[in-house]
Each structure stands twice: as C-alpha cells, then as structure tokens.
Amino acid sequence: MSEAIEPDRLLDAPHPRETPRLFGQAMAEAAFLDAWNTGRLHHGWLLTGPRGVGKATFAWRIARFLLAEPPARAGSLDPPPGHSALARIRALSDPGLMLLRRPWDEKAKRLRAEITVEEARRLGGFFALSSQGRRVVIVDAADDLNRNAANAILKVLEEPPAGATLLLVAHQPARLLPTIRSRCRVLRLAPLGPADLEAAVVQAGAPAAAASALAEGSVGAALALAEGGAAVYEALLDLFSGGPMDRRRARAMADACAGRAGTEALDATLAAIDRLLHRAARAGLLGPPEDAPEAEARVLRRLAPHDAAARGWAQLSQDVSDRVAHARAVNVDAAAMVWDALARIEAQARRV
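Overview of the structure. (Residues numbered from 1 in each chain as written. Predicted model: local features only at pLDDT ≥ 70, side-chain atom pairs only at ≥ 80, totals over all residues. Heavy atoms only, no water.)

### Let's talk about the overall build of the protein chain
Assigned secondary structure in the protein chain consists of 14 helices and seven strands. The C-alpha atoms of the protein chain give a radius of gyration of 21 Å, which matches the 20 Å a tight globule of 352 residues would have. The buried share of the protein chain, taken over its 352 residues, is 48%. Contacts in the protein chain between residues far apart in sequence, at least 24 positions, make up 71% of those at least 6 positions apart. Accessible surface computed for the protein chain: about 17000 Å², of which carbon and sulfur atoms make up 52%. With 45 positive and 41 negative side-chain charges, the protein chain shows a separation of 4 Å between the mean positions of the two kinds. (Helix = DSSP H or I, 4+ residues; strand = E, 2+ residues; numbered from the N terminus. Rg over C-alpha atoms; globule rule 2.2 N^0.38 Å. Buried < 20%, exposed > 50% of the residue type's maximum accessible area, 1.4 Å probe, protein only. Contact = heavy atoms within 4.5 Å. Areas by Shrake-Rupley, 256 points an atom, 1.4 Å probe, with all protein chains shown as cover. Lys, Arg positive; Asp, Glu negative; His and termini not counted. Charge placed at Lys NZ, Arg CZ, Asp CG, Glu CD.)

### With respect to the pairing of strand β5 (residues 135-140)
If a strand is regular, its side chains alternate between the two faces of the sheet. Of all six residues that make up β5, six are buried, and the element is covered over most of its length. With burial as the criterion, each face of β5 is covered, one bearing R135, V137 and V139 and the other bearing V136, I138 and D140. Across four bridges, strand β2 (residues 97-100) lies against β5 in parallel orientation. Bridged to L100 within β5 is V139. (Pairing = 2+ DSSP bridges.)

### Some points on the packing of aromatic side chains
What the rule picks out here adds up to three aromatic pairs. An angle of 85° between the planes, with centres 5.5 Å apart, marks the rings of W36 and F65 as edge-to-face. Taken together, the residues W36 in helix α1 (residues 26-37) and F65 in helix α2 (residues 55-67) connect sequence positions 29 residues apart. For R251, the ring lying beneath its charged end belongs to W339, and the centroid distance is 4.0 Å. When the ring centre of Y233 is taken as origin, the NZ or CZ atom of R275, which lies over that ring, is 5.6 Å away. (Phe/Tyr/Trp six-rings, centres within 6.5 Å; stacked < 30°, edge-to-face > 60°. Lys NZ or Arg CZ within 6 Å of the ring centre and 35° of its normal.)

### Observations regarding the pattern of salt bridges
It is possible for side chains of opposite charge to pair when their charged atoms get near one another. This model, assessed by the stated rule, comprises 24 salt bridges. Between E346 and R350 there is a salt bridge; the shortest N-O distance is 3.0 Å. Here E346 and its partner R350 are both found in helix α14 (residues 334-351), four residues apart, which amounts to about one turn of the helix. In this structure, a network of salt bridges that share partners links the residues E6, D8, R9, R17, E18 and R101. (Salt bridge = Lys/Arg side-chain N within 4 Å of Asp/Glu carboxyl O.)

### Section: helix α9 (residues 219-239)
Approximately 80° is the largest bend angle found in α9, and it occurs at G228. All of the buried residues along α9 are V219, G220, A221, A222, L223, L225, G229, Y233, L236, L237 and L239. The N-terminus of α9 is capped by S218, whose side-chain oxygen sits 3.4 Å from the backbone nitrogen of G220. (Bend = angle between axes of the 7 residues up to and from the residue. Polar contact = N/O pair within 3.5 Å; in protein donor to acceptor, adjacent residues only side chain to side chain.)

### Looking at the sheet that holds β5
Pairing is parallel in the open sheet, where five strands are placed in the order β2-β5-β6-β1-β7. The sheet is open, and its two edges are formed by β2 and β7 (185-188), each paired on a single side. Sheet twist, expressed as the mean angle between neighbouring strand axes with direction ignored, is 20°. Of the strands in this sheet, β1 (44-48) and β7 touch α1, which is tilted by about 150° from β7. This element, helix α6 (residues 147-158), spans β1, β2, β5 and β6 (164-170) of the sheet and lies at about 140° to β6. (Axes fitted to C-alpha atoms, helices over the stretch in contact; angles between N-to-C directions.)

### Considering the nonpolar core
A general trend in soluble globular proteins is that nonpolar side chains are found buried together. Counting residues in each nonpolar core, the largest one holds 45 residues, and the members touching the most others are F32, F58, F65, L97, V136, I138 and V201. Top element by residues in this core is α2. It accounts for eight residues. In this structure, F58 is in contact with L22, A28, E29, F32, L47, L77, L187 and L189, ignoring residues within four places of it in sequence. Core analysis: the second largest hydrophobic core is formed by 37 residues, A250, A283, A327 and A341 among them. (Core = buried A, V, L, I, M, F, W, Y, C linked by side-chain atoms within 4.5 Å.)

### A few points about unusual backbone geometry
A cis geometry characterises the amide bond from D140 onward to A141, with omega recorded as 5°. Note on placement: A141 falls in the loop between β5 and α6. In this structure, E69 takes a positive phi of about 50° despite not being glycine. Mapped onto the secondary structure, E69 falls in the loop between α2 and α3 (84-90). Backbone geometry places N331, a non-glycine residue, at a positive phi of 60°. Relative to the helices and strands, N331 is located in the loop between α13 (307-329) and α14.

### A look at the pairing of β6
In terms of burial, β6 is largely enclosed, as seven of its seven residues are buried. Sheet topology note: the β1/β6 ladder contains five bridges and is parallel. By the bridge assignment, L47 is partnered in β6 with V169. As judged from the six bridges shared by β5 and β6, these two strands associate in the parallel manner. Bridge pairing in β6 places D140 opposite V169. With α6 bridging β5 and its parallel neighbour β6, the resulting β-α-β unit is right-handed. (Right-handed = clockwise from strand over helix to strand, strands pointing away.)

If you want it as structure tokens, here you go:
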C-alpha cells in the first residue's frame, strides 16, 4: 500500500492505532472488560455506531490490551507501559496482529473500492504462521468487504482458531451478511457529548472550535467540517433553499468531484448529502434542531414539514447510501454518482 494513503486514517488526524485516548465510550469499554474478566470473551466483536465516534480507536485499544499479555482479571484496558508488543503493534509488525482494509491498487495508483477476497484469504496464512498464543484481526471497515471477502470472514467466525479475536468495525452493520452479525457480539458506540467531542477533536490536532454541534457527536464529522465540509454543506443547503434545483450549480457541484483531483470534494459532498438526508428525516418528526442555524432550519422546514416527509427522506437516505456503495464498488464516475444523488433529492423535494 502507498505509504501516504491509509483508508482507515481520517484526514490528517493520527491513525487510530496511534490515538492515545478513547473519549466518551466508557460503557463499551466496560462491557468488553467484563467479558474478559468473567472468561466470556467472544471470538467475534462487531463494533458499530456512527462514523467518527471512535470505533477504530476502540478496536486498536482492544488489540493492544489482548496482545500485551493481560492478567486474568484487569481493571482497565490500558496495557502495561513499555510492553514490547506496543511498538510492534504501532509498526504493524506484531505476529499476533492482522489488519484487513481496502488494499492499494498499484496499477491504478489508488485505493480499491472494496476489501477484496485476496486480502481476506490472507487470514489462512496468518493463522497458520501464528499458531501459538493470542491472535487479533481488525477489519476496518467490514462495510467494505465484497461478497467473497465477507464469506471468507464468515468461515473464520464459524470455525474460529484457538485464541483468535476478530474485531469488525462497521458503520452500517445492516449491510453485513446476517450470518456474520449473528456470530459476533455487538458493541454499539454512541455519539460523543460536547465535552468529550471537544477533547477528542483537540487530541486529533484540531482547534476546540471545530467541535461544532453540526458534527452531532462525531469526531470524524467535526474534522471534516473544519476542513471545508461546512462550506460544502452550506452550498448544498443553498441549492435546495427554495424553488426548483438550479441544475447549472448542481452540475458544477457534481463535476467538482470528478477524477483524482476531486477525491476530497467527493468525500465532502457525499458527507454533506448524507447529513442533509439524515437531518431532514429527523426534522420531519421533531422539527429542526434547536441549535441549527436559521438558514439550515429554513431549508429543513421546507423539505420536511410533516411525518410523511420524514419517512420519505429516511427511505431516500438508505437508497442513496446503497447506490453510492454500489457505484463505488463498480467504479462509476464520481460526477455521475453525485449528480444522481442530487437529482433524487430534487425529486423527493417535489413530492413533499
């Protein structure tokens, strides 16, 4: 994989394996620690919750705990300071650790859209070569597994090797095979409260002011908004502020996402679309958030004035998410992907 690109790293923030503290997830930590202390450690763990709330950081925290020879009863997930496994884990060189993530396509000079079956099949060699002691596999994110790769993971979950612990990070667990979900213990991580969000944002290297309410408890969303995502969201709101969508401006927004040069714009635009759809669905039931700026509140009241509209936006949110996932998997042109989503939002707005 390219040294410069890691698919499980968020913008310029430290990689989750390098993140020293996990904020706001005490309940999830306590649940895992209780399983360890009572001898009921499951071989498969599904770490779910919104993007950017610490799922990957939690997975790496568990990995450090398990590979640093923990006592039979532990008071916390903190490993012994200076344990030799910690440096190896940080360097991805510990023989008891394997990380599955989207691979780098050397020919195309870009990340693959999926975790391929070839990547998943490396598990066979990993377990064969590391036959002694505890083994930890982190899949980040399990949402990225293609069908064959998912089946390879399922086989391991069905017949787990001795001492194996699989940690599956999942932003949308409903996308996973039901058989994978049924063979894992689920730990859901919650959005962070204001104080924890601010602390996590500062730890990631951003100013405290980046912890905006619009991030809804997600460190990832807060960092993306601070890096230009807020402006993209404002432009999206303006596009649907009243009357028919301005197709010229919509086309320009889509075209800005094309090609390698548009990668950052694509991510920001898709995040903005996802945010608008989720907030519209919720506004139809509860009204605009109290802390929403007036410009956003006005758009949300227009798009989602009642319960029926909320249901329509919720369904569209799922539909757009599914279409984007499929488009990424088959390498559909990014501009076409965004244009399709914008056109569907416009169509739903006309139905309200």
